[in-house]
Amino acid sequence: MKKCFAALLVVVTVGVFANEVSAWLIPFSKARIAAAGKHCVHGYDGNFGAVGTYYAGDTAAINEQLANFGKPKIPSILNTPFVSKTVVLHVGPMVVPKYVAQNRKIPTDWLVQTFRRSDSDSGKFGGLRLHIDIWLGGRVKLNELRIPADFTVKSGGEIEDFIERQPKNKK
């Protein structure tokens, strides 16, 4: 009983004082990075079949990739089509997070994630979801970006947060 209590105390202490949570992420091997294409710089396999792949390239490269989503050469995971496709636009540079890249600084321009999430109404696992984060201002140019109509486009919120933090002009 004392051993169980000690183990529980350690887990709780680590949880309270941890400043980063990396979940269960398994970084891609060099072979897996190479297999993901010429623009892939890193990636991970995550909880419950989630996969994240980091890419570095220019606008033409991301436009080509976006155009090919939904038209896979092989059926998508478990022959399930994407139930949602979302692009989130961010400003500024990005690097692969250190908990994925083993503390190396790897510049990235976009992250493609596929995962399953339960439907809020039914509580059952829904289909496969595609989520793409794109960082603008480096090699990817907003005015050249071509996002297909079947994607939902959202803001990463950086500009809105900046505007909100500005002092209000009293007239």
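Placed above this text is the structure.
Please read these numbers as outputs of a predicted model, since none were measured by experiment.

(A) Structural detail: a nonpolar patch on the surface. Where nonpolar side chains cluster on the molecular surface, the patch consists of Val91, Ile159, Phe162 and Ile163 and spans about 380 Å² of accessible area. The dominant element in the nonpolar patch, judged by the number of residues it contributes, is helix α4 (residues 158–165), at 3 residues. Relative to the assigned elements, Val91 resides in strand β4 (residues 82–91).

(B) Region of interest: the pattern of salt bridges. Taken as a whole, this structure holds 3 salt bridges when the rule is applied. In this structure, Asp109 engages Arg139 in a salt bridge whose closest nitrogen and oxygen atoms are separated by 2.7 Å. Linking Asp109 in the loop between β6 (107–108) and β7 (110–118) with Arg139 in the loop between β8 (125–136) and β9 (152–155), this pair joins segments that are 30 residues apart in sequence. Asp109 sits in the buried class, given a relative accessible area of 5%.

(C) How the structure looks around the nonpolar core. One finds Leu66, Trp110, Ile132, Ile134 and Leu145 to be the most contacted residues of the largest nonpolar core, which totals 20 residues. At 4 residues, β8 tops the list of elements feeding residues into this core. If sequence neighbours within four positions are ignored, Leu66 has contacts with Val87, Ile132, Ile134, Leu145, Arg146, Ile147, Pro148 and Phe151. Membership of the second largest hydrophobic core comes to 8 residues, among which are Tyr44, Tyr54, Val96 and Ala101.

(D) Inspection of the packing of aromatic side chains at higher detail. Overall, the coordinates contain 2 aromatic pairs when judged by the stated rule. When the ring of Tyr44 is compared with that of Tyr54, the centres are 6.3 Å apart and the planes differ by 55 degrees; the resulting orientation is tilted. On the criterion of sequence distance, the pair formed by Tyr44 in strand β2 (residues 40–45) and Tyr54 in strand β3 (residues 51–55) is long-range, its members being 10 residues apart. In this structure, Tyr44 and Tyr54 share a single accessibility class: buried. Aromatic pair Tyr55 and Trp110: ring centres 5.5 Å apart, planes at 15 degrees, arrangement stacked.

(E) Here's a closer look at the environment of Ala36. Among the structural elements, Ala36 can be located in the loop between α2 (30–35) and β2. In this structure, the C-alpha to C-alpha distance between Ala36 and Tyr54, residues 18 residues apart in sequence, is 9.6 Å. Setting aside residues up to four positions removed in sequence, Ala36 forms contacts with Thr53 and Tyr55.

Parameters and conventions
- Residues numbered from 1 in each chain as written.
- Predicted model: local features only at pLDDT ≥ 70, side-chain atom pairs only at ≥ 80, totals over all residues.
- Heavy atoms only, no water.
- Patch = residues over 30% accessible without salt bridge, like charges linked within 9 Å, V, L, I, M, F, W, Y side chains within 5 Å.
- Areas by Shrake-Rupley, 256 points an atom, 1.4 Å probe, with all protein chains shown as cover.
- Salt bridge = Lys/Arg side-chain N within 4 Å of Asp/Glu carboxyl O.
- Helix = DSSP H or I, 4+ residues; strand = E, 2+ residues; numbered from the N terminus.
- Buried < 20%, exposed > 50% of the residue type's maximum accessible area, 1.4 Å probe, protein only.
- Core = buried A, V, L, I, M, F, W, Y, C linked by side-chain atoms within 4.5 Å.
- Contact = heavy atoms within 4.5 Å.
- Phe/Tyr/Trp six-rings, centres within 6.5 Å; stacked < 30°, edge-to-face > 60°.

Without other data, these values stay purely geometric and don't point to any function.
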